[in-house]
Amino acid sequence: PWRRGGGAPEAVQWFRAPHGMYTKSMAEALTARGLTNVFCDTYASCPIIQDGEFIGDLLAKNALDGSIILLHMPERNFRGWCAVGLVRLLEGLRERGLKAVTLSELAELAKK
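The structure reproduced in this document is the subject of the present report. Quick caveat, the model's predicted, so the values are computed rather than measured. (Residues numbered from 1 in each chain as written. Predicted model: local features only at pLDDT ≥ 70, side-chain atom pairs only at ≥ 80, totals over all residues. Heavy atoms only, no water.)

Some points on the overall build of the protein
Looking only at helices and strands, the protein has 4 helices and 4 strands in total. When its helices and strands are written in sequence order, the protein yields β-α-β-β-α-β-α-α. The principal-axis extents of the C-alpha atoms in the protein amount to approximately 40 × 30 × 30 Å. Expressed as a percentage of the 112 residues in the protein, the buried residues total 22%. For the protein, the proportion of contacts with a sequence separation of at least 24, taken over those separated by at least 6, is 53%. In the structure as shown, the protein presents an accessible area of about 8200 Å², 57% of it carried by carbon and sulfur atoms. Within the protein, the 12 negative side-chain charges are centred at a point lying 5 Å from the centre of the 14 positive side-chain charges. (Helix = DSSP H or I, 4+ residues; strand = E, 2+ residues; numbered from the N terminus. Buried < 20%, exposed > 50% of the residue type's maximum accessible area, 1.4 Å probe, protein only. Contact = heavy atoms within 4.5 Å. Areas by Shrake-Rupley, 256 points an atom, 1.4 Å probe, with all protein chains shown as cover. Lys, Arg positive; Asp, Glu negative; His and termini not counted. Charge placed at Lys NZ, Arg CZ, Asp CG, Glu CD.)

Structural notes on the nonpolar core
Of all hydrophobic cores here, the largest spans 11 residues; its members are Ala44, Cys46, Ile55, Leu59, Ala60, Ala63, Trp81, Cys82, Leu89, Leu93 and Leu98. At the level of elements, helix H2 (52-62) and helix H3 (80-95) are the ones that each hand at least two residues to this core. Examining the composition of this core, we find that 4 residues originate from one element, H3, more than from any other. Setting aside anything within four residues of it in sequence, one finds Leu59 in contact with Thr42, Tyr43, Ala44, Ile69, Leu70, Leu71 and Leu89. (Core = buried A, V, L, I, M, F, W, Y, C linked by side-chain atoms within 4.5 Å.)

Regarding the state of the cysteines
Here the structure, examined in full by the defined rule, presents 0 disulfides. In this structure Cys40 is not part of a disulfide, and its nearest cysteine sulfur, from Cys46, lies 9.7 Å away. Residue Cys40 is classed as partly exposed on the basis of its relative accessible area, which comes to 32%. Of all cysteine sulfurs in the structure, the one in Cys82 sits closest to Cys46, which takes part in no disulfide; the separation is 3.8 Å. (Disulfide = S-S within 2.5 Å.)

A look at the layout of surface pockets
The gaps of empty space that remain are located by a probe, the size of a water molecule, rolled over the atoms. Computed from the structure, the largest pocket encloses a volume of approximately 1200 Å³. Ile68, Ile69, Val101, Thr102 and Leu103 are the residues nearest the centre of the largest pocket, which is lined by 38 residues in total. Breaking the lining of the largest pocket down by element, the ones donating at least two residues are strand E1 (14-15), strand E4 (69-70), H3 and helix H4 (103-111). Take the lining of the largest pocket: its biggest share by element is 5 residues, from H3. In the lining of the largest pocket, the residues fall into 26 nonpolar, 7 polar and 5 charged. (1 Å grid on protein atoms, 1.4 Å probe; cavity = no way out; pocket = protein on both sides within 12 Å on 5 of 7 lines; lining within 4 Å. Points joined across faces, edges and corners; volume = space filled by probe spheres on them. Nonpolar A, V, L, I, M, F, W, Y, C, P; charged D, E, K, R; others polar.)

Structure follows, in structure tokens:
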């Protein structure tokens, strides 16, 4: 199992269907494994749009309290604009009184 800082195992509970293509057989497989498929509501097409400032500003502008934002992870020499976008996104959220949380935290907040 995957382990975070303290060494305690953390179970995976979330899944994002590639390209948002969620099928009946996928739903059955996820149910059998106790996983929940997650769709985003705020997306900036970062594999296509390679302007990090635009991406970050757009995501921050369109995000609502409870939004699920999709931004692809930058890697060394790949999608560097997403790192710029992430910084702009977090700054923009903070300016609007919002903050990023994990899906698990969002699910717990939704229960309240």
